[in-house]
Amino acid sequence: MSLNKQELFKRLAVSVVDMDEDLTVELSNQVIAEGIDAYEAIVNGLTVGMNQAGKLFDEEEYFVPELLMCSDAMYSGLNILKPHIKINSHETRRKAVIGVIEGDTHDIGKNLVKIMLETGGYDIVDLGRDVSPATFVERAKAENAEFIFISTLMTTTMEGMNEVVEILVGEKIREDYKVLIGGGPVSQSYADKIGADGYAENAAEAVKLANNIVAA
């Protein structure tokens, strides 16, 4: 079963990269029919495929049309798998705001993190892209969020992440929120430098990081 499961995950990932929506649906239904964990299939299949598609886009082998078709395939599988995710109904759903910092419109990574957090049981408010530091703080307060997730793929906009932390400090509410950052040019050292609560390299790691913070 283990070998078959891993092969199924690999085929799911390939179906997303190949923009084969029909195959993604077929494989996702097979996951359910065989009693394989739906969350594992999302993490190790659909998300892996979308990450690979994003890399091809960065390398200019794929362009926007291809990326959109990959995304369509991923969502077709997600629609089948998501209802089967085992979530403890007794657990409190943690609330978070998520967005791409001002000046950046690259939101593939942010969207993947949002999906993974939602499937992991978090209540996510998506602020979109090109979001000002002040808006992150205002919406976090308005939504009574515990987490602020910020992403960017551009070095020129990274300073905006620091501004979010500075606003929280200036308003004396820094301790009320966990600020987690990610994106291509971002690193743990940068998170430490600006006083963020953590850095995640990818969507799956973002969920683990948030869960670890909750557990602590």
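Residues numbered from 1 in each chain as written. Predicted model: local features only at pLDDT ≥ 70, side-chain atom pairs only at ≥ 80, totals over all residues. Heavy atoms only, no water.

J.: Give a detailed account of the pairing of strand E3 (residues 147-151), specifying residues and quantitative values.
T.: Summarising burial for E3: 5 of the 5 residues are buried, a large majority. Here E3 shows a buried face lined by Phe-147, Phe-149 and Ser-151 and a second buried face lined by Ile-148 and Ile-150. Where the polypeptide runs from E3 across helix H7 (residues 159-170) and back to strand E4 (residues 178-182), its parallel neighbour, the crossover connection is right-handed. (Buried < 20%, exposed > 50% of the residue type's maximum accessible area, 1.4 Å probe, protein only. Helix = DSSP H or I, 4+ residues; strand = E, 2+ residues; numbered from the N terminus. Right-handed = clockwise from strand over helix to strand, strands pointing away.)

J.: So what about the environment of Gln-52? Which residues, and what values?
T.: Checked against the element boundaries, Gln-52 lands in helix H3 (residues 38-58). Along the backbone, Gln-52 and Cys-70 are 18 residues apart, and their C-alpha atoms lie at a distance of 9.9 Å.

J.: Can you tell me about a negative patch on the surface, naming the residues and giving the values?
T.: A contiguous patch of negative charge, built from Asp-18, Asp-20, Glu-21, Asp-22, Glu-26 and Asp-72, is present on the exposed surface. Among the elements that take part in the negative patch, helix H2 (residues 21-33) stands out by supplying 3 residues, more than any other. (Patch = residues over 30% accessible without salt bridge, like charges linked within 9 Å, V, L, I, M, F, W, Y side chains within 5 Å. Areas by Shrake-Rupley, 256 points an atom, 1.4 Å probe, with all protein chains shown as cover. Salt bridge = Lys/Arg side-chain N within 4 Å of Asp/Glu carboxyl O. Lys, Arg positive; Asp, Glu negative; His and termini not counted. Charge placed at Lys NZ, Arg CZ, Asp CG, Glu CD.)

J.: Lay out the environment of Tyr-75 with the relevant residues and their values.
T.: Within the secondary structure layout, Tyr-75 lies in helix H4 (residues 64-81). Look at Tyr-75 and you get partly exposed, because its relative accessible area is 33%. In this structure, the C-alpha to C-alpha distance between Tyr-75 and Ile-115, residues 40 residues apart in sequence, is 9.7 Å.

J.: Lay out helix H5 (residues 108-119) with the relevant residues and their values.
T.: The terminal C-alpha atoms of H5, which comprises 12 residues, lie 17 Å apart, in line with the 16 Å expected from a rise of 1.5 Å per residue. Of the residues making up H5, those classed as buried are Lys-110, Leu-112, Val-113, Ile-115, Met-116, Leu-117 and Thr-119. Lining the buried residues of H5 we find H3, H4, strand E1 (95-101), strand E2 (123-131), E3 and helix H9 (203-215). Count one or two residues on from H5 and you reach Gly-121, which has phi positive near 100 degrees. (Expected span 1.5 Å × (residues − 1). Contact = heavy atoms within 4.5 Å.)

J.: Any details on unusual backbone geometry? Residues and values, ideally.
T.: Although it is not a glycine, Glu-60 sits at a positive phi angle of roughly 65 degrees. Structurally, Glu-60 can be placed in the loop between H3 and H4. You can call Glu-60 exposed: its relative accessible area is 59%. Positive phi, close to 55 degrees, is recorded for Asn-144, a residue that is not glycine. For Asn-144, a relative accessible area of 62% corresponds to the exposed category.

J.: Talk me through the sheet that holds E2; I want residue IDs and the actual numbers.
T.: What the 5 strands build is an open sheet, ordered E2-E1-E3-E4-E5; its pairing is parallel. Each of the sheet's edge strands pairs with one partner strand only, and the pair in question is E2 and strand E5 (198-200). Strand-to-strand twist in this sheet, taken as the mean axis angle between neighbours without regard to direction, amounts to 20 degrees. For E1 and E3, the ladder comprises 5 bridges, and the chain directions are parallel. Note on E3: the bridge partner recorded for Gly-99 is Ile-150. (Pairing = 2+ DSSP bridges. Axes fitted to C-alpha atoms, helices over the stretch in contact; angles between N-to-C directions.)

J.: For the pattern of salt bridges, give the residues involved together with the corresponding values.
T.: Enumeration over the complete set of coordinates arrives at 11 salt bridges. The salt bridge involving Lys-114 is made with Asp-126; its shortest N-O contact spans 3.5 Å. Here Lys-114, found in helix H5, pairs with Asp-126, found in strand E2; they are 12 residues apart in sequence, far enough to count as distant. We classify Lys-114 as partly exposed; its relative accessible area is 23%. Its relative accessible area of 30% is what places Asp-126 among the partly exposed residues. Where Arg-174 meets Asp-197, a salt bridge forms, and the shortest distance between an N and an O atom there is 2.7 Å. One end of the pair, Arg-174, is in the loop between H7 and E4; the other, Asp-197, is in the loop between helix H8 (188-194) and E5, with 23 residues separating them in the sequence. Residues joined in a network through salt bridges with shared partners are Lys-95, Arg-139 and Glu-143.

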